[in-house]
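# A closer look at the structure
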Amino acid sequence: MSEPGFLAAVRSSYDTVAADYVRIVVPPSGMDPLSRAMLAAFAELVRGAPAAAPVADLGCGPGRVTAHLAALGLPAFGVDVSGEMVALARRSYPELRFQRGAMAALDLADGSLGGILAWYSVHHTPPEHLPALFAEFHRVLAPGGHLLLGGHTGDEQSRPDSAYGHPVSYASYLLPADRLVELLAGAGFTVTTRLEQARPERPDRGYVSLLAYA
Ligand SMILES: C[S@@+](CC[C@H](N)C(=O)[O-])C[C@H]1O[C@@H](n2cnc3c(N)ncnc32)[C@H](O)[C@@H]1O
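Glancing now at the site of the ligand. For the ligand, the set of nearby residues contains 20 residues, the closest of which are Tyr14, Gly59, Gly61, Val81 and Ser121. Secondary structure elements with two or more residues in the shell around the ligand: α1 (5-24) and α3 (64-71). In terms of residue count, α1 provides more of the shell around the ligand than any other element does, three residues in total. Tallied by class, residues from the shell around the ligand come to 12 nonpolar, six polar and two charged.

Here we come to the pairing of strand β1 (residues 55-58). The two faces of β1 match: Val55 and Asp57 on one face and Ala56 and Leu58 on the other face are all buried. Where β1 and strand β2 (residues 76-80) come together, four bridges link them in parallel fashion. Bridging from a neighbouring strand, Val55 pairs with Ala76 of β2. For the handedness criterion, the β-α-β arrangement of β1, α3 and β2 is classed as right-handed. Pairing between β1 and strand β4 (residues 113-119): three bridges, direction parallel.

Turning our attention to the sheet that holds strand β11 (residues 206-213). With mixed pairing, the seven strands of this open sheet are ordered in space as β3-β2-β1-β4-β5-β11-β10. Sheet topology places β3 (98-100) and β10 (190-198) at the edges, where each strand pairs with a single neighbour. In this sheet, adjacent strand axes meet at a mean angle of 15° when their direction is disregarded. As paired elements, β4 and strand β5 (residues 141-153) share six bridges and run parallel to each other. By the bridge assignment, Leu117 is partnered in β5 with Leu148. Sitting on the sheet, helix α2 (residues 33-47) touches β1, β4, β5, β10 and β11, and the angle it makes with β5 is about 175°.

This paragraph deals with the environment of Arg64. In this structure, Arg64 sits in helix α3. By the C-beta count within 10 Å, which is 21 here, Arg64 ends up buried. If we ignore the near neighbours within four places in the chain, the residues touching Arg64 are Pro27 and Pro28.

Within the span of helix α5 (residues 130-140), buried status applies to Leu130, Leu133, Phe134, Phe137, His138 and Val140. Contact partners of the buried residues in α5: β4, β5 and α6 (177-186).

As a further point, take the nonpolar core. Ranked by size, the top nonpolar core spans 59 residues in total, and within it Ile116, Leu117 and Leu147 carry the most contacts. Leaving out residues up to four positions away in the same chain, Leu117 has contacts with Phe42, Val55, Asp57, Leu58, Val65, Leu69 and Leu148.

Rules behind the numbers
Residues numbered from 1 in each chain as written. Predicted model: local features only at pLDDT ≥ 70, side-chain atom pairs only at ≥ 80, totals over all residues. Near = placed C-beta within 6 Å. Helix = DSSP H or I, 4+ residues; strand = E, 2+ residues; numbered from the N terminus. Nonpolar A, V, L, I, M, F, W, Y, C, P; charged D, E, K, R; others polar. Buried ≥ 20, exposed ≤ 12 C-beta atoms within 10 Å, placed from the backbone. Pairing = 2+ DSSP bridges. Right-handed = clockwise from strand over helix to strand, strands pointing away. Axes fitted to C-alpha atoms, helices over the stretch in contact; angles between N-to-C directions. Contact = placed C-beta atoms within 7 Å. Core = buried A, V, L, I, M, F, W, Y, C linked by C-beta atoms within 7 Å.

See below:
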């Protein structure tokens, strides 16, 4: 499958920012309690499945959330398009598995995962590519397997000049939570839970965590 153009920008941008991303972005231990609660609920749901199956952290970045899931008892591994992010993750967590890859074209068999986490990683995918991305998530999840999608909400597209102190070339596409729910439903997911968090300093934006099953 040929690579969509936006992905090259995501890869090179995150290759550039990787080291400073880790310095600037809070790890799971510093997250707000509700985000941590959603991760814990996801872990508990996946652990409760009748058969244990691997859990993919898609767009895992430096692997800190993958390691958090592993500490919560999940057989988690990470996938990221950025080679620098994957290298950082492997150095930090040598006991875990991290692979380079595009989350819309996963090297995984149908129904092979017990869970998918996509944590602040789908907002660089242009909205017209989201139906195919969520269809890929649905393909690799076992029937009944759980998805936790966390990310930004809003209604805008932006192309920042810099992020984490470096020039970047990716774009960010923020969608309203309702639209994300609709897209997941269109890919065959049943969305059971949505946590929306306001950002007082940016009333036009927010955060959402969505729990769904395949
Ligand atoms: C904002 S970071 C979040 C990283 C991690 N989930 C965390 O919370 O620390 C977004 C990550 O998603 C990755 N990413 C974005 N789009 C991707 C895609 N289509 N396929 C694979 N990785 C992707 C980027 O390379 C980057 O490492």
